[in-house]
Amino acid sequence: MTDLTSPPTDLRAAALAVRENAHAPYSNFKVGAALRTVDGAVFVGCNVENVAYPEGTCAEAGALAAMVASGARGVAEVYVVADSPDPVPPCGGCRQKLAEFAASDVMVTLATVAGETHITRVGDLLPGAFDAGHMARV
């Protein structure tokens, strides 16, 4: 089980750096995400908006896509940062995407650029997650 007492500072730096690359001309709400795999590799993603609003991509999804594109799989830690009054949780779709690659006890640090953090776990973000076990009869 992962220790929830201290956020991963190197993931914070990576998430803050990639956040600056976000394409958010419509909302001006930039989000950065960094994740560490079970092998120790770090992948980052930022939100990419589209004028056709539902066609954008979340930062968490971008980091997961980069991880999968590299051939990596299991997520060991996640860090998400935005310039907001309070730490912003992943959307429902990204919660499910994280649950695809991370065990329920994987630490997720939600943060603001000012340094406020909320530390939780994937299982707390998405209790009762749909997983491959639900398709056991297929």
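Procedures and definitions
- Residues numbered from 1 in each chain as written.
- Predicted model: local features only at pLDDT ≥ 70, side-chain atom pairs only at ≥ 80, totals over all residues.
- Heavy atoms only, no water.
- Helix = DSSP H or I, 4+ residues; strand = E, 2+ residues; numbered from the N terminus.
- Rg over C-alpha atoms; globule rule 2.2 N^0.38 Å.
- Contact = heavy atoms within 4.5 Å.
- Areas by Shrake-Rupley, 256 points an atom, 1.4 Å probe, with all protein chains shown as cover.
- Buried < 20%, exposed > 50% of the residue type's maximum accessible area, 1.4 Å probe, protein only.
- Core = buried A, V, L, I, M, F, W, Y, C linked by side-chain atoms within 4.5 Å.

**Some remarks on the overall build of the protein**
Next up, step 1: In terms of helices and strands, the protein carries 4 helices and 5 strands.
Next up, step 2: Its helices and strands in sequence order give the protein the pattern α-β-β-α-β-α-β-β-α, from N to C terminus.
Next up, step 3: Expected size for 138 residues packed as a compact globule is a radius of gyration near 14 Å; at 14 Å, the protein falls within 12% of this value.
Next up, step 4: Principal-axis analysis of the C-alpha atoms places the extent of the protein at approximately 45 × 40 × 25 Å.
Next up, step 5: In the protein, the proportion of contacts linking residues at least 24 apart, taken out of those at least 6 apart, comes to 63%.
Next up, step 6: Of the roughly 7200 Å² of accessible surface on the protein, a fraction of 56% belongs to carbon and sulfur atoms.

**Regarding the environment of threonine 117**
Next up, step 1: As for its placement among the helices and strands, threonine 117 is situated in strand 5 (residues 117-121).
Next up, step 2: Assessed through its relative accessible area of 33%, threonine 117 is described here as partly exposed.

**Remarks on unusual backbone geometry**
Next up, step 1: Phi is positive for asparagine 28, close to 60°, though the residue is something other than glycine.
Next up, step 2: Under the relative-accessibility criterion, asparagine 28 is labelled exposed at 64%.

**Some thoughts on the nonpolar core**
Next up, step 1: The biggest cluster of nonpolar side chains holds 20 residues, and the ones touching the most others in it are Leu35, Leu64, Met67, Val75, Val78, Val80 and Val108.
Next up, step 2: Mapped onto this core, the elements with two or more residues apiece are strand 1 (31-37), helix 2 (59-70), strand 3 (75-82), strand 4 (102-112) and helix 4 (122-125).
Next up, step 3: Leave out the neighbours within four places in its chain, and valine 75 touches Leu35, Arg36, Thr37, Val38, Leu64, Met67, Phe101, Ala102 and Val106.

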